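Residues per chain, in single letters:
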Amino acid sequence: MIVSGRGVTAVLGPTNTGKTHYAIERMVAHETGIIGLPLRLLAREVYTRLVERVGQHNVALITGEEKITPHMARFSVCTVEAMPRETRASFVAIDEVQLAGDLERGHIFTDRVLHLRGRDETLLLGAGTMKPILEQMLPGIHVIERPRLSQLFYSGSKKITRLPQRTAIVAFSADEVYAIAELIRRQRGGAAVVLGALSPRTRNAQVALYQEGDVEYLVATDAIGMGLNLDVDHVAFAQDRKFDGFQFRNLNPAELAQIAGRAGRHLRDGTFGVTGRVDPFDEELVERIETHQFDPVKVLQWRTTRFDYSSLQSLRLSLEAVPPIGGLTRALPAVDQQALEHLSRYPDIRELATTPQRVEKLWEACALPDYRRITPAQHADLISTLYADLVRRGTVNEDFMADQVRRADRTDGEIDTLSARIAQIRTWTYVSNRPGWLADPTHWQEKTREIEDRLSDALHERLTKRFVDRRTSVLMKRLRENAMLEAEISVNGDVFVEGHHVGQLAGFRFTLVSGTEGPDAKAVQAAAQKALALEFEARAARLHAAGNGDLALGSDGTVRWLGDPVARLAASDHIMRPRVILLSDEQLTGNARDHVAARIERFVNHHIATVLKPLDDLSRAEDLQGLAKGLAFQLVENLGVLFRRDVADDVKSLDQDGRASMRKHGIRFGAYHIFMPALLKPAPAELITLLWALKNDGLDKPGYGDLIPVLAAGRTSVVTDPSYERTFYKLAGFRFLGKRAVRIDILERLADLIRPLLQWKPGTPRPDGAYDGRRFTATTAMLSILGATPDDMEEILKGLGYRADSVTAEEAAAFLAAQAPADAGAAAPADTAGEQDAEADEAQADAAEETAGEAPAAEAPASETPVEEAPAAETAEAPVASEAAAPEAAGEGTEPVEVKPVLLWRPGSRHDNQRQGGHRQGGERPERGERRGGDRNRGQQAGERGERREGGRGRPDQNRGNRDGKPQGGNRPDRNEQRGERNDRGGKPQQAKFEARPPRKEKPIDPDSPFAKLAALKEQLKK
């Protein structure tokens, strides 16, 4: 083989020397011309530039998958594989001729370099490393060496997140490219991606995304090293090893320089370096890249073009031919040769490939590119199907092709799915462009092109959505243009900069959305703050003029304006006047801030004064004097509830005028509490709890706010939670009584029910629950108002200081039966109980309150499980009635039911722990409250008795003359609140009436006693 270089010019040099531009200029100077390029993407770029120069009708684009051939086109832009082996064009140019040494595609470049010539001019464009081999292979060639227009410098190693803008990051696998792009998106706003597996349309769209400045970073494979004109300032190698189709190997210096040379365009210098896990380049390598000193290409890949189609075996042998001249080496088997090797072993293929024409057709089918990157055997199977159709039918079966195309015609799925479909449709695009393969090639060319474009657009969209933050990209572009960013605020507080949502304005606080930490963060904040400054002033004016209905105080102490938090409350010296702290950015200043603060303070004060009006009026009362004023002050400090025992001395000393003045302010003097009933509602209780929590750092204490829903539900008692802060029960209007808490006003109603039972005198009509005038039993009415079970009732009464004597149901029934005739024959005047003086009744309540405490029930053994609440109507029955009916029920033939003892309740006294060695009847251990009550100081007990005796000698503050000798206690309800102002009709009760007597010793049963006969009768009934 004799080749010549006459009429051939080699323009050699590193990247950025203007070689491609020079070739385009030379081609348009001729009448006709062809230029071959290594990539379909680069061919598209050159095609576009030529169309701009000479018009679309004068330029053809021919690749393996695409053909644009205007009639009488003067110039053709091709991929090297699509270039004809012979031409009559005046001008021929081949770009990137150093690829003649590539193991996979080199033999095609070598063939074109050696054989394809223009009639007038031939240009070979490539790296300077090709000079020796071209001069050797093509004697007489004219070589022009062009210097790089800009300098290239090494900048060392940098983290990916610290790379400068306008950087191309190079990796050699799709997984690595995607991982780097994802990291860039999170840290720097986004990146474009360029891979060889992408369709040309998708790669063009991604390059345009970078070129137009929508993103500042490009993550790509070595595909960018093949002549793509990109505005890259820095190239960073994230990998320096690649798979070349046969093995993994390190890139040689010339290949690294080819990629690094993309940095710097025209006269602008560029830099290169490493990133990620790549070790820094050594000094020798850096110097070679910067000075473009590389080992020359010594051999070119070659494969014969003289194929022997006489038989399959002859074709295979011809492919094994050795190069005829020095400087060439036989290429390794390419995809087409590998497919032929597989197909030659198929029996059906051997049966079909029996003539030279059929063997040539088989070799033509083997040229189908493996776009899908599948195994050689799978690729050979597809070729086998196509070849069988071409031989037997003359064309490819269009039904089969339609089915394959339809499978790829879907735009759903993610990046990998779309990439696979694009690879599949590219296969059929290639088939549609092969001459003579289809009956209607035009239809299939248009259809496959349409599907590929649609899939490419969908893939570009997915890539952009995954790897590009559109907000950041637009803002960065505007910043490069030195333009002022425009910001606006929507009615619901969304802040937009250049139409992109960057944050939320709530009240007077602006919060940036996540993802604004990139290089544009400061500019975004500056633009947003400029718009916020005006918005803050406008909002301040609107808030200053807003009505109270636009503001709300939450249970967490936050003041909200139209739903947005604007302030929070904090403790101050006065519990009813909390301090207001604005929730605002520092942009709210001056008069605007003062107006906002003043308006919120007015609202808070108005809200407290409205919801807690009785308490607020009491704090400002001017008609209270002396002790009444002191009690009112304590009541305000304790937010509307005082335990009566805590202020017993003051209440005893308070005259009737003082009491009357306090009652005018809604204060009630109960047996156990001094309180304001108007505050026992959900809204006041919630605000009272908040004010106390602010003062005592209680917002985070367990139980805060959990009792308000119970109060709102109308519950009169509730099972207590030991983990709750106990004060919250009092603030919500409940009295904590160990395992159960009872609403304060309900306890006072309970006291009203108990009082007549302890004042009942034998011989008068006996009210339900009365026993002997000193003790009583729990009634259905008591259980009903408490919403409690009998077991709960026991805990509640213990917590109030009452003590129980236990008797059997028979004893209780016998005792009541003995008193029944006397009660029935008594001539008591009507409404006797109703006319009894309430002041006398208070003495009984005082005695109970003095010995009562929260300790007995509260300190019950931990092993006792609190009894769950049950509806009173279902569980509460009068103990005496149920127990008295037990024998009768047993007499009807039913199984005997265990009858519980009857508890007779009495006010606790100092004698409780002195009986039976400190043990109550029934062998039970005394409650702690009982023991504590029994250990009281004797002088204190005497003083208490003396107070009661003094009170019984008459009251100087009576409105009308009462009889002397009536008990006067300190802890008793107001007369007007209980039964109104009445004169005393009763005599002076004895002290024993207020103290429970010890149980009498059992005497021998008298057989002649009617009670003994009754007991014997009951025993017979049981049998």
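Above: the structure in question.
Not measured: the values here are computed from a predicted model.

### Things to note about the overall build of the protein
Within the protein, the secondary structure is distributed over 39 helices and 34 strands. Evaluated residue by residue, the protein yields a buried proportion of 51% over its 1023 residues. Taking contacts inside the protein between residues at least 6 apart in sequence as the whole, the part at least 24 apart equals 70%.

### Regarding the packing of helix α2 (residues 40–54) against helix α6 (residues 200–211)
Packing of α2 against α6 brings their axes to within 9 Å, and their N-to-C directions diverge by 65°. Considering their axes alone, α2 and α6 lie roughly perpendicular with respect to each other. In the packing of α2 onto α6, the handedness of the crossing is right-handed. Only P200, R203 and N204 of α6 make contact with α2, whose side of the interface consists of R40, L41 and R44. Of the residues that constitute the contact of α2 with α6, the class distribution is two nonpolar, one polar and three charged.

### Remarks on the pattern of salt bridges
Considering all chains together, one arrives at 46 salt bridges under this definition. Residue E145 pairs with K131 through a salt bridge whose shortest N-O separation is 3.1 Å. Taken together, the residues span a long stretch of sequence, with E145 in strand β8 (residues 142–145) and K131 in helix α4 (residues 131–137) at a distance of 14 residues. For R454, the salt bridge identified is with E450, shortest N-O distance 3.3 Å. Of this pair, R454 and E450 both sit in helix α16 (residues 441–467), four residues apart, which is roughly one turn of the helix. Exposure remark for R454: the relative accessible area of 32% places this residue in the partly exposed category. Given the relative accessible area of 48%, E450 is considered partly exposed.

### A short note on helix α7 (residues 253–260)
Among the residues of α7, L256, A257, Q258, I259 and A260 are the ones counted as buried. On its buried face, α7 is in contact with β9 (152–158), β10 (167–170), β13 (234–237), β16 (270–275) and α8 (283–291). Among the residues of α7, the N-terminal cap falls to N252, whose side-chain oxygen and the backbone nitrogen of A254 are separated by 3.1 Å.

### Topic: the packing of α7 against α8
A pair of packed helices can be characterised by two numbers: the angle between their axes and the separation between those axes. Axis separation between α7 and α8 bottoms out at 9 Å; the angle between their running directions is 55°. The angle between α7 and α8 places the two elements in the oblique class. In this structure, α7 meets α8 at a crossing whose hand is right-handed. Here P253, L256, A257 and A260 of α7 come into contact with α8, specifically with L285, R288 and I289. Considered class by class, the residues forming the contact of α7 with α8 number six nonpolar, no polar and one charged.

### Some thoughts on the sheet that holds strand β6 (residues 91–94)
Sheet strands associate in pairs through backbone hydrogen bonding, adopting either a parallel or an antiparallel arrangement. Spatially, eight strands are ordered β4-β3-β5-β2-β6-β7-β1-β8 in an open sheet, and the strand pairing comes out mixed. Of all strands in the sheet, those with a lone pairing partner are β4 (67–68) and β8, marking the two edges. Sheet strands in contact with helix α1 (residues 19–28) are β1 (8–12), β2 (33–37), β5 (75–79), β6 and β7 (121–126), and its direction is about 170° off that of β7. Of the strands in this sheet, β2, β3 (59–62), β4 and β5 are in contact with α2, which crosses β3 at around 170°.

How each quantity is defined
- Per chain, the residues get numbers from 1 upward, laid out in the order the sequence is written.
- Local features in a predicted model are, by the rule used here, given only for residues with pLDDT of at least 70; side-chain atom pairs are given and counted only at 80 or more, and totals for whole chains, interfaces and linings are based on all residues.
- Excluded from the side-chain calculations are hydrogens and water; all other atoms, namely the structure's heavy atoms, are used.
- Starting at the N terminus, helices and strands are each numbered in turn, a helix being any DSSP run of H or I of at least four residues and a strand any DSSP run of E of at least two.
- Remark: exposure states derive from per-residue accessible area (1.4 Å probe, protein chains only) relative to the maximum for the residue type, with buried under 20%, exposed over 50%, and partly exposed in between.
- Whether two residues touch is decided by their heavy atoms; if any such pair falls within 4.5 Å, the residues are in contact.
- Lines fitted to the C-alpha atoms define the axes, with helices restricted to the stretch that makes contact. Angles between their N-to-C directions range from 0 to 180 degrees.
- Any angle that is under 35 degrees is reported as roughly parallel, and any over 145 degrees as roughly antiparallel; angles of 65 to 115 degrees are reported as roughly perpendicular and all others as oblique.
- Should the near helix be turned anticlockwise from the far one by less than a right angle, the crossing is termed left-handed; should it be turned clockwise, right-handed.
- Amino acids are sorted into nonpolar (Ala, Val, Leu, Ile, Met, Phe, Trp, Tyr, Cys and Pro), charged (Asp, Glu, Lys and Arg) and polar (every other residue, Gly among them).
- Salt bridge, as used here, is a side-chain nitrogen of Lys or Arg placed within 4 Å of a carboxyl oxygen of Asp or Glu.
- Nitrogen and oxygen atoms within 3.5 Å of one another constitute a polar contact, given that in protein one can donate a hydrogen and the other can accept it, and given that sequence-neighbouring residues count only through two side-chain atoms.
- In this description, strands pair whenever DSSP reports at least two bridges between them.

Limitation: the analysis is restricted to geometry and does not speak to function.
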